[in-house]
Amino acid sequence: MSSPKHIEAGAGFGPRRKALIKVLTMLFVALLLAMLVLGAVLVLLQLAGLLIGNSEFIIGVSKTLGPITYWVAAAFGTFTLILAMAHGWKSAD
């Protein structure tokens, strides 16, 4: 939930900042979905490997999907901070 202070501040943004916020929001949503899907696939495949009792499969899934999932999560966290700053958030808030 946004505070009224930030909603009022957002109304005064210029067209460039509004366009930047729109692009950052789309990237934020895309990275969020990618992170959630990759994480779910990773966990479900590991669970499948556990159920069939194949430890090599579990390790292979982790080695294959783990780094991609972590990079997407790191990018998501970075874009979350950038989007918050574009909306006027300051670290002192």
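Residues numbered from 1 in each chain as written. Predicted model: local features only at pLDDT ≥ 70, side-chain atom pairs only at ≥ 80, totals over all residues. Heavy atoms only, no water.

Visitor: Could you give an account of the packing of helix α2 (residues 15-52) against helix α3 (residues 55-86), with specific residues and numbers?
Guide: Their axes nearest at 8 Å, the elements α2 and α3 cross at an angle of 160 degrees. In terms of their interaxial angle, α2 and α3 are classed as roughly antiparallel. For the element pair α2 and α3, the recorded crossing hand is left-handed. Class assignment for the residues of the contact of α2 with α3 results in 27 nonpolar, 8 polar and 1 charged. (Axes fitted to C-alpha atoms, helices over the stretch in contact; angles between N-to-C directions. Helix = DSSP H or I, 4+ residues; strand = E, 2+ residues; numbered from the N terminus. Parallel < 35°, antiparallel > 145°, perpendicular 65-115°, else oblique. Left-handed = near helix turned anticlockwise from the far one by under 90°. Nonpolar A, V, L, I, M, F, W, Y, C, P; charged D, E, K, R; others polar.)

Visitor: Would you mind going over the environment of Lys-18 in detail, with residue names and values included?
Guide: With respect to the helices, strands and loops of the structure, Lys-18 is situated in helix α2. In the structure, Lys-18 is positioned 69 residues away from His-87 in sequence and 9.1 Å away in space, judged by C-alpha atoms.

Visitor: So what about the confidence of the model for the protein chain? Which residues, and what values?
Guide: Overall, the predicted model of the protein chain reaches an average pLDDT of 87, with 87% of residues at or above 70. Confidence, expressed as mean pLDDT per element, reaches its minimum in the protein chain at helix α1 (residues 4-11) with 52 and its maximum at α2 with 94. (pLDDT = per-residue confidence, 0-100.)

Visitor: I'd love a proper account of the nonpolar core, names of residues and values included.
Guide: Membership of the largest hydrophobic core is limited to 7 residues, which are Leu-31, Leu-38, Leu-42, Val-61, Leu-65, Val-72 and Phe-76. Elements represented by at least two residues in this core include exactly α2 and α3. Of the residues forming this core, the biggest block, 4 residues, is contributed by α3. Counting residues in hydrophobic clusters, the runner-up holds 5 residues, among them Phe-13, Ile-21, Leu-83 and Ala-86. (Core = buried A, V, L, I, M, F, W, Y, C linked by side-chain atoms within 4.5 Å. Buried < 20%, exposed > 50% of the residue type's maximum accessible area, 1.4 Å probe, protein only.)

Visitor: Which residues make up the packing of aromatic side chains, and what values do they have?
Guide: For any two aromatic rings, the description comes down to two numbers: the centre-to-centre distance and the angle of the planes. Tallied over the entire structure, the rule returns 1 aromatic pair. The ring of Phe-13 carries Arg-17 above its face, with NZ or CZ at 4.0 Å from the centroid. (Phe/Tyr/Trp six-rings, centres within 6.5 Å; stacked < 30°, edge-to-face > 60°. Lys NZ or Arg CZ within 6 Å of the ring centre and 35° of its normal.)

Visitor: Would you mind going over α2 in detail, with residue names and values included?
Guide: Under the 1.5 Å per step criterion, the end-to-end length of α2 is 55 Å for 38 residues, consistent within 8% with the ideal 56 Å. All buried positions along α2 are accounted for by Ile-21, Leu-24, Leu-31, Leu-38, Leu-42 and Gly-49. On its buried face, α2 sits against α3. Gly-53 occupies a position one or two residues after α2 and carries a positive phi of about 75 degrees. (Expected span 1.5 Å × (residues − 1). Contact = heavy atoms within 4.5 Å.)

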